[in-house]
There are 2 protein chains.
Amino acid sequence: MNAEILSIGDELLIGQVVNTNASWLGEQLSTLGIPVRRVTVVGDTHADVLAAFQRAWEENDVVIVTGGLGPTHDDVTRAAVCDFFDTPLVQNTDVLEDIERMFAERRRPVSAVNRDQAMVPAAARIMRNTAGTAPGYHFNQEDRHFFVAPGVPYEMHGMYEHHMLPVLRAQFRNARLSETLLTTGIPESTLSDLLAGIATLREDVSVAFLPSPTGVRIRLTARAPEADAARHALTVVRGFVETRASEYLFGSGTQTLEEVVGRLLTEQGRTLAVAESCTGGVITDKITNVAGSSAWFERGVISYSNESKVQVLGVDKTMIAEHGAVSNAVACAMADGVRRSANCDIGIATTGIAGPSGGTAQKPVGLVWIAVSTSRETLAHAFYFGEHRVRTKQRAAQAALDMVRRQLCSLPPVPSILTETT
Amino acid sequence: MNAEILSIGDELLIGQVVNTNASWLGEQLSTLGIPVRRVTVVGDTHADVLAAFQRAWEENDVVIVTGGLGPTHDDVTRAAVCDFFDTPLVQNTDVLEDIERMFAERRRPVSAVNRDQAMVPAAARIMRNTAGTAPGYHFNQEDRHFFVAPGVPYEMHGMYEHHMLPVLRAQFRNARLSETLLTTGIPESTLSDLLAGIATLREDVSVAFLPSPTGVRIRLTARAPEADAARHALTVVRGFVETRASEYLFGSGTQTLEEVVGRLLTEQGRTLAVAESCTGGVITDKITNVAGSSAWFERGVISYSNESKVQVLGVDKTMIAEHGAVSNAVACAMADGVRRSANCDIGIATTGIAGPSGGTAQKPVGLVWIAVSTSRETLAHAFYFGEHRVRTKQRAAQAALDMVRRQLCSLPPVPSILTETT
């Protein structure tokens, strides 16, 4: 039992449009427990579309085709469908009524090309379109399904919900549960060592590591005859991760680190102020993406010049002269300064060398000092994030937010992986 | 002469990751004049990967494979490559040095799984990775090319630029020139009206409008037997755009608005300070992405609370009480305040309602006041950016930077399209 998603359109091949339809459908089918074996994209060329139909329908039980059903000359899907299933076009009066009603609602006359969209393959069950003019088609052979839907995302989504989903749900009942655990502050290879054995822990749970500059996601997927069994299997593997990698684990699913920090601050009734030099606003940008962050975020200071560090944050001029702006002392003074002047519970600060220039042997490009200040203590740590300016900003912002998370969770101030090796 | 793009990874099939690599590569290859016939996505399954290799290499002259080269157990691409080209793994000392240097820079030990990434297919030319640990492979048979690159987008982009592009460009020489013109402050439909006739201006130049939340790009593509003729054709169409849409046109190619603003400030020897409320750091983040911005950017203040507007920017408390924080008066006072305290030539400020809550009938979610202050005058303008929090931040930041560009270029302070309709 496999599925293929087949996307049609030159605009996808030349990169003018990103294929979000395939990822959306992939997620839907996975949720139903239908494994997607392949995604194929071909252009608006009759022979290519026909060849792709052939191969997809030979090798899979479910095929979902999207795109190429529009009224313009470059849309070839309908003709290819008729050839492939050897069926003529006939007028469908329901579809014609749908089209006429839609144009009447918009006070526009129905054009000939739109009227032509009511001509559909005779052998197909029709999937009516509630959001556009092109109908979809469903071909059914025993327990196998070939669906054809328009490429406009919201039209396709509606057709999936109303027509494809009921058909598929009736047929495929098996439990497949997924969960994504979010880590930060540990590289993929180290995390993989720390979690050695996870891949073979349970036969019914597969594990994937998905790295990014701001952390590694761990995707767990359980398959079982019953949902309860799949849920139990997931719990076992999640427990393994929680035990071995707890300090790096900050959330799950689509959560962000800034949301987690915001929730912790809200729960503890504490407030935050931010002083950024090298990160230049990435931290405050992330924070203010969280709806309601004004409840716990008071202000940010982007102190790019030394003068602003002195004037706005109260950093001692002689301290900058003595230690340099990128230093333990100045990071701490910035974090203290912004916390005090904003009258907040926690202050964080970043100061570093984002590059490409400005590095020295002692202070190379990529070095960032990050400090966290509370009324009880101020701690700073040096990180080395590499030579890419924008990624260094992203990595430093994530590390700064993680230091706040660690402070709020009473964890060691920096990842133990760093504590061991630096 | 055709190309196939082959993306590998379960995360793509189940829709956890959208396949932006395929669209990026599709655009690159199209720019070179190499037609992409198919995009195929398969999971991390040896047999499926091998079958996809077979088919792609049978039917195409250029195959680009991305993904599945990471150090963890779920990455199967390397083994499939060795099977497919019937070649063993050997250690590559250049790659090992790259990996060791990268870890040394980050002050971390090299783990065994990372060291294993220096084991590469013997028959491949190696594409070294400047941004990560996994090297890429290039197999060349006469004029046909099979490339394998990691799936991390920035690693893959670097490998394309440094290794694949030179190979492909040397082989595919036909005069096909492209240029992308960048506009902001004007919606696609209005721009399209303003440039009516552009599509049929020259038979040898095709035109595409590519809209995004921060502006519309116009891609011009000229095809001609000789490069000179293509270049001339491009000049004619570019001239048409420059004449009709000059005030909206801020650059070309991969330039950003913040780079253009930085260049103008540098040329005019002027400096900038920023006060952000609703945009929360997006403007300073964009600015500090520009290398060398410390020469013209002095500081930013993310004045999320009213207290910080009063305390750091010197906004009059009674003014906030009277007009509200989201108002013409407060925007101007913030821009004046940050310019004066930072002792800069230009100050910009944003204050608005990013949502989802906080809107009223008079001041709906999406309303943003943006002000630009110089020693001669301070001007503010209201924009309505819609209900999506993150997009409103992005749009407002772009509009603020565009107001600075307009100030520096002595253009009207707000787009004429807005001046006419509001």
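Computed from a predicted structure; not experimentally measured.

*Asks:* Can you help me understand the overall build of chain A in this one?
*Replies:* Along the backbone of chain A there are 16 helices and 17 strands. Whereas a compact globule of 422 residues would reach a radius of gyration of roughly 22 Å, chain A reaches 28 Å, over 25% beyond that. Seen through its C-alpha atoms, chain A measures out along the principal axes to roughly 85 × 55 × 40 Å. Taken over 422 residues, chain A has a buried fraction of 57%. In chain A, the share of contacts with a sequence separation of at least 24, taken over all contacts with a separation of at least 6, comes to 65%. About 17200 Å² of surface is accessible on chain A, with carbon and sulfur atoms providing 50% of the total.

*Asks:* Would you mind going over the nonpolar core with me for this structure?
*Replies:* In globular proteins that are soluble, nonpolar side chains generally tend to be buried together. Ranked by internal contacts, the top residues of the largest apolar core, which has 69 residues, are A:Leu272 and B:Leu272. Apart from the residues within four sequence positions on either side, A:Leu272 is in contact with A:Leu265, A:Ile287, A:Trp296, A:Phe297, A:Glu298, A:Arg299, A:Cys344, A:Ile346, A:Ile348 and A:Val404.

*Asks:* I'm lost on the interface of chain B and chain A in this one. Help?
*Replies:* Interfaces are frequently sized by the accessible area removed from exposure as the parts join. At the junction of the two partners, chain B supplies 72 residues and chain A supplies 78 residues. The partner of B:Asp285 in a salt bridge is A:Lys393, and the shortest N-O contact between them spans 2.8 Å. Inspection of the region where chain B meets chain A yields 36 residue pairs in polar contact (both at pLDDT 80 or more). Here the side of chain B that touches chain A takes seven residues from strand S2 (residues 36-42) of chain B, the largest share from any one element.

*Asks:* Mind showing me how you'd approach the side chain of A:Thr351 here?
*Replies:* Residues and elements named next belong to chain A. Residue placement: Thr351 occurs in strand S15 (residues 346-352). A relative accessible area of 1% means that Thr351 is categorised as buried. At a separation of 2.8 Å, a polar atom in the side chain of Thr351 contacts the main-chain carbonyl oxygen of Ala325. If near-sequence neighbours (up to four positions away) are discounted, Thr351 is found in contact with Ser277, Cys278, Lys309, Ala325, Val326, Ser327, Ala331, Met334, Val368 and Trp369.

*Asks:* Looking at this structure, how should I read unusual backbone geometry?
*Replies:* Peptide bonds are trans in most cases, and residues, glycine excluded, mostly fall at negative phi. The omega torsion of the bond from A:Gly355 to A:Pro356 falls at 5°, within 30 degrees of zero and hence cis. For A:Pro356, the location among the structural elements is in the loop between S15 and strand S16 (367-373). Positive phi values are uncommon outside glycine, yet A:Asp86 reaches one of about 50°. Mapped onto the secondary structure, A:Asp86 falls in the loop between helix H4 (77-85) and strand S4 (89-91). Judged by relative accessible area, which is 72%, A:Asp86 ranks as exposed. Positive phi, close to 55°, is recorded for B:Ser410, a residue that is not glycine. For B:Ser410, the location among the structural elements is in the loop between helix H15 (389-408) and helix H16 (416-421).

*Asks:* Looking at this structure, I do not really get the sheet that holds strand S10 (residues 205-212) of chain A. What am I missing?
*Replies:* Residue and element names in this part refer to chain A. In space, the four strands of this open sheet follow the order S10-S11-S9-S12, with antiparallel pairing throughout. What marks the edges here is a single partner per strand, and that holds for S10 and strand S12 (249-252). Looking at each pair of strands side by side, their axes are set apart by 25° on average, direction ignored. In the sheet, S10 pairs with strand S11 (residues 215-224) via eight bridges, with the strands oriented antiparallel. Paired with Ser206 across the bridge in S11 is Thr221.

*Asks:* So what exactly am I meant to see when it comes to the pattern of salt bridges here?
*Replies:* A side chain of one charge can pair with a side chain of the opposite charge when the charged atoms of the two come close. All names here are of chain A. A full pass over the atoms with the stated rule returns 38 salt bridges over all chains. Taking the shortest distance from any N to any O, the salt bridge between Arg128 and Asp98 comes out at 2.9 Å. Within this pair, whereas Arg128 is found in the loop between strand S6 (125-127) and strand S7 (136-141), its partner Asp98 is found in helix H5 (residues 93-105), the two being separated by 30 residues in sequence. Judged by relative accessible area, Asp98 falls into the buried class, the value being 11%. Shared partners join several salt bridges into a network, and the residues in it are Glu4, Arg38, Arg55 and Glu59.

*Asks:* What's the story with the pairing of strand S3 (residues 62-66) of chain B in this structure? I'm lost.
*Replies:* The two faces of the sheet receive side chains in turn, since in a regular strand these alternate between them. All names here are of chain B. Counting buried positions over the five residues of S3 gives five, a clear majority of the element. On S3, burial covers both faces: Val62, Ile64 and Thr66 on one face and Val63 and Val65 on the other are all buried. Bridge count between strand S1 (residues 3-8) and S3: five bridges; the pairing is parallel. Looking across to S3, one finds that Ser7 is bridged to Thr66. In this sheet, strand S8 (residues 144-149) lies alongside S3 in parallel orientation, the contact comprising five bridges. Across the sheet, Ile64 pairs through a bridge with Phe147, a residue of S8.

*Asks:* Can you walk me through the sheet that holds strand S14 (residues 297-302) of chain A in this structure?
*Replies:* Paired through their backbone hydrogen bonds, the strands of a sheet run either parallel or antiparallel. Taking strand neighbours across the sheet as the criterion, the ten strands line up as S17(A)-S16(A)-S15(A)-S13(A)-S14(A)-S14(B)-S13(B)-S15(B)-S16(B)-S17(B) in an open arrangement whose pairing is mixed. Edge positions in the sheet fall to strand S17 (378-384) of chain A together with strand S17 (378-384) of chain B, since each of these pairs with one other strand and no more. Sheet twist, expressed as the average angle between the axes of neighbouring strands with direction ignored, equals 10°. Sheet strands touched by helix H11 (residues 282-289) of chain A: strand S13 (272-276), S14 and S15 of chain A together with strand S14 (297-302) of chain B. Its angle to S13(A), the strand with the most contacts, is close to 150°.

*Asks:* What is the right way to look at H15(B) in this model?
*Replies:* In an α-helix there are 3.6 residues to a turn, and that puts residues three or four apart on one side. Residue and element names in this part refer to chain B. Its 20 residues give H15 an end-to-end C-alpha distance of 29 Å, which sits within 8% of 28 Å, the value for a rise of 1.5 Å per residue. Most of H15 sits inside the fold, with 15 of its 20 residues counted as buried. Remark: Ser410 follows H15 within two positions and exhibits a positive phi of approximately 55°.

*Asks:* Explanation requested: the packing of aromatic side chains in the structure shown.
*Replies:* What describes a pair of aromatic rings is the distance from one ring centre to the other and the angle between the planes of the rings. Residues and elements named next belong to chain B. Enumeration over the complete set of coordinates arrives at 24 aromatic pairs over all chains. When the centroid spacing of 3.9 Å and the interplanar angle of 5° are considered together, the rings of Phe85 and Phe139 count as stacked. Taken together, the positions of Phe85 in the loop between helix H4 (77-84) and strand S4 (89-91) and Phe139 in strand S7 (residues 136-141) put the pair 54 residues apart, joining distant regions of the chain. Neither Phe85 nor Phe139 differs from the other in exposure class; each is buried.

Each value, and the rule that gives it
- Residues numbered from 1 in each chain as written.
- Chains lettered and ligands numbered in written order.
- Predicted model: local features only at pLDDT ≥ 70, side-chain atom pairs only at ≥ 80, totals over all residues.
- Heavy atoms only, no water.
- Helix = DSSP H or I, 4+ residues; strand = E, 2+ residues; numbered from the N terminus.
- Rg over C-alpha atoms; globule rule 2.2 N^0.38 Å.
- Buried < 20%, exposed > 50% of the residue type's maximum accessible area, 1.4 Å probe, protein only.
- Contact = heavy atoms within 4.5 Å.
- Areas by Shrake-Rupley, 256 points an atom, 1.4 Å probe, with all protein chains shown as cover.
- Core = buried A, V, L, I, M, F, W, Y, C linked by side-chain atoms within 4.5 Å.
- Salt bridge = Lys/Arg side-chain N within 4 Å of Asp/Glu carboxyl O.
- Polar contact = N/O pair within 3.5 Å; in protein donor to acceptor, adjacent residues only side chain to side chain.
- Pairing = 2+ DSSP bridges.
- Axes fitted to C-alpha atoms, helices over the stretch in contact; angles between N-to-C directions.
- Expected span 1.5 Å × (residues − 1).
- Phe/Tyr/Trp six-rings, centres within 6.5 Å; stacked < 30°, edge-to-face > 60°.

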